[in-house]
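Structure assessment
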Amino acid sequence: MLSIIGVTPARVFWVVFFVLAVWLQLFFPGTDFFAPGVVLCLQRERFSHVLALILPALLIQEGTGALVFGAGLLRYGGLIGMFLVGRGLFEARSPVFILLLAAAFSLAQMIILHTMAGLQSMDIQGQRLLLESLTMFATIILGWWLLDAVYRFISRHASQS
């Protein structure tokens, strides 16, 4: 009955994910909790769903951040580009691919933040930038693993009913 009115388990999953990502970013500023969901969405959904997830996430990231407009656009564009290139080399759901993607995204985030802060004459300590990149690496890996497990559970449950 719920799928008749447009409410599907996948849609509920993405709405809950989005709300949790916004809420977690309130408590852990500087950490992008949308990135693991973007990776999962790139693996499981159509590209239009990826854009529907990235657009509000990008507006939130750019609107609440201290950097000028463009850092979030570079990060998410880079994440999509790295995913598409990496998907041609590795199986998109393999743990090795996720580790390499998380490492590349964390390094790209460090470079983008350092560059954008330099353009605004903001001083960012290298140690803090490294810590935030390591936190982002762990967030992508753990977040993707948890989201993938929940998404598979929901998909399996939805197909059985």
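Predicted model, so just to flag it, every value in this text is computed and none were measured.

In terms of regular secondary structure, the protein is built from six helices and zero strands. N-terminal to C-terminal, the α/β element order of the protein is α-α-α-α-α-α. Evaluated residue by residue, the protein yields a buried proportion of 38% over its 161 residues. Counting only carbon and sulfur atoms, one obtains 72% of the accessible surface of the protein, whose full area is about 9500 Å².

Another point: helix α2 (residues 35–44). With nine of ten residues buried, α2 lies mostly within the body of the structure. Along α2, the positions that sit buried rather than exposed are A35, P36, G37, V38, V39, L40, C41, L42 and Q43.

Further remarks concern the side chain of Q109. Locating Q109 in the fold gives a position in helix α5 (residues 95–119). Its relative accessible area of 2% is what places Q109 among the buried residues. If sequence neighbours within four positions are ignored, Q109 has contacts with G30, R75 and M136.

Now for the pattern of salt bridges. A full pass over the atoms with the stated rule returns four salt bridges. The salt bridge involving R75 is made with D32; its shortest N-O contact spans 2.9 Å. Note that R75 is positioned in helix α4 (residues 71–89) and D32 in the loop between α1 (9–27) and α2, a separation of 43 residues in sequence. The salt bridge partner of D148 is R93, with a shortest N-O separation of 3.5 Å. Here D148, found in helix α6 (residues 126–160), pairs with R93, found in the loop between α4 and α5; they are 55 residues apart in sequence, far enough to count as distant. Relative accessible area serves as the criterion here: at 3%, D148 is assigned to the buried category. Of the residues examined, R93 reaches a relative accessible area of 35% and is grouped as partly exposed. Overlapping salt bridges bring together R44, R93, D148 and R152 as one network.

Moving on, we get to the packing of α2 against α4. One way to put it is that α2 packs onto α4 with a least axis distance of 11 Å and a crossing angle of 40 degrees. Judged by the inter-axis angle, α2 sits oblique to α4. Note that α2 runs across α4; the crossing there is right-handed. When α2 is examined against α4, the residues A35, V38, V39, L42 and Q43 are found in contact with a partner set consisting of Y76, L79, I80 and F83. The residue inventory of the contact of α2 with α4, partitioned by class, reads eight nonpolar, one polar and no charged.

Residue classification places D32 among the buried positions, given a relative accessible area of 1%. One polar contact links the side chain of D32 to the main-chain amide nitrogen of F34, over a distance of 2.9 Å. In contact with D32, other than residues within four places in its own chain, are Q25, Q61, R75, Y76, F105, M136 and T139.

Tallied over the entire structure, the rule returns ten aromatic pairs. Here W14 and F17 contribute two aromatic rings whose centre-to-centre distance is 5.7 Å and whose plane-to-plane angle is 90 degrees, an arrangement assigned as edge-to-face. With W14 and F17 both in helix α1 and three residues apart, the pair spans about one turn of that helix. As far as burial versus exposure is concerned, W14 and F17 are alike and both buried. Here a set of aromatic residues connected by ring pairs shows up, and it is made of F13, W14, F17, F18, F34 and Y151. When the ring centre of Y76 is taken as reference, the NZ or CZ atom of R75 above it lies at 5.8 Å.

Analysis parameters
- Residues numbered from 1 in each chain as written.
- Predicted model: local features only at pLDDT ≥ 70, side-chain atom pairs only at ≥ 80, totals over all residues.
- Heavy atoms only, no water.
- Helix = DSSP H or I, 4+ residues; strand = E, 2+ residues; numbered from the N terminus.
- Buried < 20%, exposed > 50% of the residue type's maximum accessible area, 1.4 Å probe, protein only.
- Areas by Shrake-Rupley, 256 points an atom, 1.4 Å probe, with all protein chains shown as cover.
- Contact = heavy atoms within 4.5 Å.
- Salt bridge = Lys/Arg side-chain N within 4 Å of Asp/Glu carboxyl O.
- Axes fitted to C-alpha atoms, helices over the stretch in contact; angles between N-to-C directions.
- Parallel < 35°, antiparallel > 145°, perpendicular 65-115°, else oblique.
- Left-handed = near helix turned anticlockwise from the far one by under 90°.
- Nonpolar A, V, L, I, M, F, W, Y, C, P; charged D, E, K, R; others polar.
- Polar contact = N/O pair within 3.5 Å; in protein donor to acceptor, adjacent residues only side chain to side chain.
- Phe/Tyr/Trp six-rings, centres within 6.5 Å; stacked < 30°, edge-to-face > 60°.
- Lys NZ or Arg CZ within 6 Å of the ring centre and 35° of its normal.

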